[in-house]
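# Observations on the model geometry
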Amino acid sequence: MYFPICSLAIYQLGKPKPLPHIPHNKLHWFAGDYPFVARMRREKSGFSYAFDDIAIRLGPVSQLVLGLGASWVGKVFGPGNVVVVVADAQEAQDILINRSAEFDRSRRTSLLFEGTLRQGMLGLPTGEQFKQHKRYLGIAMTSPYLARMTPRMVEHVQELVEVWAIGASQLRTGSSGDVAINAIEDLRLLTVDIIASITFGTSLDGTRALLNYLEATPSAGPSSRLEVPQFVLDLEVLLHTIADGAMFPVPGLLPWWTRTLNRKWRSAIGRVHAGLRTRLQTARAQYASETRDSERPAAHKAENLLDIILERERKDEYKGVMALTESEIIDELTTFVLGGAETTPTTMQWALKILCKHPKVQRKLYSELVEKLPAITTRAPTYAEISDEANLPYLSAVLYEVLRCARTIAVVTRVATRDTVVLGYPVPKGTEVLFPIGMMRQLESDASKDVTDSLESARSPSSKSGRKTGYWSGSNVHLFNPDRWLRRDGSFDANAGPWLPFSTGFRGCFGTKLALIELRIFLAIVQVNFFFDALPEELNTWQSHERLTRHPIQCYIRPIPWDKMENN
Ligand code: HEM
């Protein structure tokens, strides 16, 4: 008699519980939406598609009830979570930019990074320490600094072009032998070379070593490669550990588990930190000897991130303010390297895959580059030249469209720091709110304009006055079409439609400017050197794997130098 009553009472307390009023799926009696998320992950090779799917079916505000959701047991013991999905670009932008007092970086996101980057920006909550770090490193994203970094980025991309030129000369046609180059490792090496060079002043020279090897070994095939450097492998272990954390059952214990029980991670972080510490100490000694008797160089003369940090340190000492501790610096150096080593190569891989399928786009881009920037064929382009959106509108359009379609990072989250309202729906304090920034339909097209318009009265005051972008046409929003970014007169329009690959606002991507210039240089230089030939379907499938970013499973290329193209 008592047993069924007690069981029912426990079930009522603990069953998956959604937030009131907000639309949701029919829930599994115990696991809530977990089976649905698992099915999306299996069928579409990424859990983030679950957020797109419910947004399309349930509207601009919906919720996923994970495990026990907002139930009493779920909240107290932690095996549950409710995620409110906001799939409306205008409102998402408004919340990320204007409502940061109500929505902050979620604790769950910070916990993912905290084990590896305890005191790096990715792991830090928004507080004084975070702000101090952002101020410290901000110079690294200024135009004068990036202009000084440009020759190095160009040099590394040109090394890669030489590697691919050797590979291209060895490629065969037909189905036997090497018909294509596997570009995944090459892009990983390139981006680590670039980020190391910008961070420490010296590159890993992985691409240079590969080039030397291929030149010295003419019998090596087009995809024959050296062993990946240990530093790159270690970064991969760190990135995998962070990504695996998303599935960890008790998020609060994740940093402890990572640091204490994950041996592979401990070896990798040990080597990475030791390497960074040595570089920091060497740079410090050199900086001290150079500046002892002479005038302190102005901060904007810094030649790498270490210089920036040392110059700031000197300034702070001078003013009597507290500088960053050594472990804070090491964590920020690690953040920088990890930030650059994952997202950028993944986006480059998608760019190449997409270009292979769009020969007309390649021809148009090539024509623009040789007509508007003829110097690019004879010398390294400068930062001013390559970042000139007015002179190179099609390069800008291709880049924006690659980032729109690549869906490199599909979602970002915030947590409500007080009871609040989103598009008329009450959202209690502590609720995680998710923005599916990689979503291409509901969030971005005029097919949802009626829905968007009907929400007008429910918008927050800052959102009502804040829409800056147009809508994409619902009929072609899912297609790769750089022309959508061009005005009738051919000029580039960055506000043509919603675009959030880097998120936005105070906690948006810190590395946006660096990533954009790196990608522009990459696209311009590889395209001006090669046409990327179409590939057999089996070498250019659209399958992907979602970890911290959405990776393509394959990235093969058949580069053909333009002078070898018939009807160039
Ligand atoms: C194509 C390349 C990249 C993409 C698509 C990208 C995207 C993103 C996104 C979506 C976020 C989350 C922002 C949020 O929660 O609102 C983020 C954060 C961040 N990114 Fe990037 N990123 C890229 C490249 C880089 C690079 C090269 C760096 C190197 C410095 C970097 C450093 C960071 C940092 C430090 C954060 C955390 C910012 C914070 O917590 O306030 N990113 N990025």
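Quick look at the structure, then. These numbers were taken from a predicted model, which means no experiment stands behind them. (Residues numbered from 1 in each chain as written. Predicted model: local features only at pLDDT ≥ 70, side-chain atom pairs only at ≥ 80, totals over all residues. Heavy atoms only, no water.)

In this section: the coordination of the iron atom of the ligand. You will see that the iron atom of the ligand has only one donor from the protein, Cys509 (SG), lying 2.3 Å away. Relative to the helices and strands, Cys509 is located in the loop between helix H20 (461-464) and helix H21 (512-529). (Donors = N, O, S within 2.8 Å, 3.2 Å for Na, K, Ca; no water. Helix = DSSP H or I, 4+ residues; strand = E, 2+ residues; numbered from the N terminus.)

For the rest of this paragraph, the subject is the pairing of strand E5 (residues 412-416). The element E5 is extensively covered by neighbouring structure, given that five of its five residues are classed as buried. In this structure, strand E3 (residues 103-104) lies alongside E5, joined through two bridges in antiparallel fashion. Bridge assignment links Asp104 to a residue of E5, and that residue is Val415. Pairing between E5 and strand E8 (residues 432-435): four bridges, direction antiparallel. If you follow Arg414 over to E8, its bridge partner there is Val433. (Buried < 20%, exposed > 50% of the residue type's maximum accessible area, 1.4 Å probe, protein only. Pairing = 2+ DSSP bridges.)

In this section: the pattern of salt bridges. Within this structure, the stated rule accounts for 27 salt bridges. Its salt-bridge partner being Glu236, residue Arg188 comes within 2.0 Å of it at the nearest N-O pair. Of this pair, Arg188 sits in helix H9 (residues 184-200) while Glu236 sits in helix H11 (residues 230-244), and the two are 48 residues apart along the sequence. (Salt bridge = Lys/Arg side-chain N within 4 Å of Asp/Glu carboxyl O.)

In contact at an axis separation of 9 Å, helix H8 (residues 143-170) and H21 are set at 35° when each is read in the N-to-C sense. Crossing handedness for the pair H8 and H21: right-handed. Here Ser143, Leu146, Thr150, Met153, Val154, Val157, Gln158, Leu160, Val161 and Trp164 of H8 come into contact with H21, specifically with Lys513, Leu514, Ile517, Glu518, Ile521, Phe522, Ile525, Val526 and Asn529. Tallied by class, the residues present in the contact of H8 with H21 amount to 13 nonpolar, four polar and two charged. (Axes fitted to C-alpha atoms, helices over the stretch in contact; angles between N-to-C directions. Left-handed = near helix turned anticlockwise from the far one by under 90°. Contact = heavy atoms within 4.5 Å. Nonpolar A, V, L, I, M, F, W, Y, C, P; charged D, E, K, R; others polar.)

In this section: unusual backbone geometry. Most peptide bonds are trans, and most residues other than glycine sit at a negative phi. Despite not being glycine, Arg407 has its phi angle at roughly 55°, a positive value. Locating Arg407 in the fold gives a position in the loop between helix H18 (393-406) and E5. The phi angle at Ser503 is positive, at roughly 60°, despite the residue not being glycine.

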